[in-house]
Amino acid sequence: MPLHSVSVAGVVVREDGRILAIRRADNGTWEPPGGVLELDERPEQGTAREVLEETGLCVEVERLTGVYKNMTRGVVALVFRCRPVGGQESTSVESTAVEWLTRDEVQERMGEVYAVRIFDALDSMAAPHVRAHDGRRLLESA
């Protein structure tokens, strides 16, 4: 029987509209902070934990903005919009850089499957988005 993995990510938006991003230590890609949801934690708790571990920032998780499935790897990612409430930016064993990016910088630095998560989270009027991808590109709806 195939297994799925569930991950969470936080799109942390500062008052000036900049978005928190990390450069991953393992592959050098720019992404919103996040990781695997633990079996005993709620998605919102996991999101706040992952953001703190990877960036040094405490966040308030505001709302679910998207569900994304990597069809190749069987990973389902729950993405939440967050706002910073404390802490200090710092790197970790999982991140080599922590920066506040503009929308244009997100577009320039992130691959499509991560940039779309940011842009979906910035769409304040939309219901949560549900999207599938192959690890690199979004897949068209059936």
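Structure first, text after, so check above.
Bear in mind the structure is a predicted one, so any value in this text is a computation, not a measurement. (Residues numbered from 1 in each chain as written. Predicted model: local features only at pLDDT ≥ 70, side-chain atom pairs only at ≥ 80, totals over all residues. Heavy atoms only, no water.)

Engineer: So what exactly am I meant to see when it comes to the overall build of the chain here?
Structural biologist: Summing up its helical and strand segments, the chain has three helices and nine strands in all. In the chain, the succession of helices and strands from N to C terminus is β-β-β-β-α-β-β-β-α-α-β-β. In terms of overall size, the chain behaves like a compact globule, its C-alpha atoms giving a radius of gyration of 14 Å where 142 residues would be expected to give roughly 14 Å. On the principal axes, the C-alpha backbone points of the chain span a range of 40 × 35 × 30 Å. Counting every position in the chain, which comprises 142 residues, the buried fraction comes to 42%. Counting only contacts in the chain whose residues sit at least 6 apart along the sequence, the fraction spanning at least 24 positions is 65%. Accessible surface for the chain amounts to roughly 8000 Å². Of this, 50% is attributable to carbon and sulfur atoms. (Helix = DSSP H or I, 4+ residues; strand = E, 2+ residues; numbered from the N terminus. Rg over C-alpha atoms; globule rule 2.2 N^0.38 Å. Buried < 20%, exposed > 50% of the residue type's maximum accessible area, 1.4 Å probe, protein only. Contact = heavy atoms within 4.5 Å. Areas by Shrake-Rupley, 256 points an atom, 1.4 Å probe, with all protein chains shown as cover.)

Engineer: Help me understand the pattern of salt bridges in this model?
Structural biologist: Pairs may arise between side chains of opposite charge once their charged atoms sit close together. Counted under the stated rule, the structure contains 15 salt bridges. Here Arg49 ties to Glu38 by a salt bridge, and the two come within 4.0 Å at their closest N and O atoms. You can see Arg49 sitting in helix H1 (residues 43–55) and its partner Glu38 sitting in the loop between strand S4 (34–36) and H1, a full 11 residues away along the chain. The class for Glu38 is partly exposed, based on a relative accessible area of 42%. Across the pair Glu99 and Arg109 runs a salt bridge, and its minimum N-O distance is 2.8 Å. Of the two residues, Glu99 sits in strand S7 (residues 95–101) while Arg109 sits in helix H2 (residues 103–109), which places them 10 residues apart along the sequence. Under the relative-accessibility criterion, Arg109 is labelled partly exposed at 32%. Residues joined by salt bridges that share partners form a network here, namely Glu38, Glu41, Arg49, Glu50 and Glu53. (Salt bridge = Lys/Arg side-chain N within 4 Å of Asp/Glu carboxyl O.)

Engineer: Help me out: how do you make sense of helix H3 (residues 112–122) in this one?
Structural biologist: Counting buried positions over the 11 residues of H3 gives nine, a clear majority of the element. Those residues of H3 that fall on the buried side of the exposure criterion are Val113, Ala115, Val116, Arg117, Ile118, Phe119, Asp120, Ala121 and Leu122.

Engineer: Even after reading the chapter, I still don't get the sheet that holds strand S3 (residues 30–31), so can you show me in this structure?
Structural biologist: Pairing between the strands of a sheet comes from backbone hydrogen bonds, and it takes one of two forms, parallel or antiparallel. A sheet is described by the order of its strands in space; here three strands give the open sequence S3-S2-S7, paired in antiparallel fashion. Two strands close off the open sheet at either side, each with one partner strand: S3 and S7. Contacting strand S2 (19–24) and S7, H1 crosses the sheet at an angle of about 65° to S2. (Pairing = 2+ DSSP bridges. Axes fitted to C-alpha atoms, helices over the stretch in contact; angles between N-to-C directions.)

Engineer: Please clarify how the sheet that holds strand S1 (residues 5–12) should be interpreted in this entry.
Structural biologist: The sheet built from six strands is open, its strands ordered S4-S1-S6-S5-S8-S9 with mixed pairing. Looking at strand neighbours, the two that pair on one side only are S4 and strand S9 (138–139), the edges of this open sheet. Relative to S9, strand S8 (residues 129–133) runs antiparallel, the two sharing two bridges. Residue pairing across strands places Ala132 opposite Leu139, the latter belonging to S9. In the packing of H1 onto the sheet, contacts are made with S1, S4, strand S5 (57–70) and strand S6 (75–87), and the angle to S5 comes to roughly 110°. Its contacts with the sheet place H3 against S1, S5, S6, S8 and S9, and it is angled at close to 120° to S5.

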